[in-house]
Amino acid sequence: MELPKFILGDNTQYPNAIYIIHTDFPRFIINLENDEVEWLEEFDEHDQRELESEIENLIQAATDFYDSEIEQYND
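As the structure is a computational prediction, the values presented were derived from the model and not from experiment.

Glancing now at the side chain of Thr23. Along the polypeptide, Thr23 turns up in the loop between β2 (19–22) and β3 (28–31). Note on Thr23: relative accessible area 18%, which makes it buried. Only 2.5 Å separates the side chain of Thr23 from the backbone oxygen of Pro4, close enough to count as a polar contact. Residues within four places of Thr23 in sequence aside, it is in contact with Leu3, Pro4, Lys5 and Ile7.

The full count for this structure, using the stated rule, is 1 salt bridge. Its salt-bridge partner being Glu41, residue Arg27 comes within 2.8 Å of it at the nearest N-O pair. With Arg27 in the loop between β2 and β3 and Glu41 in the loop between β4 (36–39) and α1 (45–74), this pair connects stretches of sequence that are 14 residues apart. For Arg27, a relative accessible area of 36% puts it in the partly exposed group.

Here we come to the pairing of β2. When strand β1 (residues 6–9) meets β2, the two strands line up antiparallel, connected through 4 bridges. In the sheet register, Gly9 faces β2, and the bridge partner there is Tyr19. Adjacent in sequence and paired antiparallel, β2 and β3 are bridged by 5 residues.

With respect to the element layout, Phe28 can be found in strand β3. Here Phe28 falls in the buried class, since its relative accessible area comes to 0%. Considering only alpha carbons, one finds Phe28 and Asp44, 16 residues apart in sequence, at a separation of 16 Å. For Phe28, the contacting residues outside a window of four places in its chain are Ile20, Ile21, His22, Val37, Glu38, Trp39, Leu40 and Leu58.

With 7 residues, the main nonpolar core is built from Phe6, Ile20, Phe28, Ile30, Leu58, Ala62 and Phe65. Put simply, the parts of the chain that give this core at least two residues each are β3 and α1. With 3 residues, α1 is the largest single contributor of residues to this core. Among all residues touching Leu58, those that are not within four sequence positions of it are Phe6, His22, Pro26 and Phe28.

Scoring rules and cut-offs
Residues numbered from 1 in each chain as written. Predicted model: local features only at pLDDT ≥ 70, side-chain atom pairs only at ≥ 80, totals over all residues. Heavy atoms only, no water. Helix = DSSP H or I, 4+ residues; strand = E, 2+ residues; numbered from the N terminus. Buried < 20%, exposed > 50% of the residue type's maximum accessible area, 1.4 Å probe, protein only. Polar contact = N/O pair within 3.5 Å; in protein donor to acceptor, adjacent residues only side chain to side chain. Contact = heavy atoms within 4.5 Å. Salt bridge = Lys/Arg side-chain N within 4 Å of Asp/Glu carboxyl O. Pairing = 2+ DSSP bridges. Core = buried A, V, L, I, M, F, W, Y, C linked by side-chain atoms within 4.5 Å.

This is the structure:
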């Protein structure tokens, strides 16, 4: 099965939270309520150094995805 790069998620136990799941490497879930990121990968030192430069871009891409999805709901 081919998954989209980003998936929107919510949960009734956390009514104020909206989650974006990033399905490509590095996989993560971001909670837009508090910007907390949960990584679904384990990283070695080399990966961590590489990720530090990409984290900001990945989170911005996730936020842009959310904005685009909400805009489509409003149309």
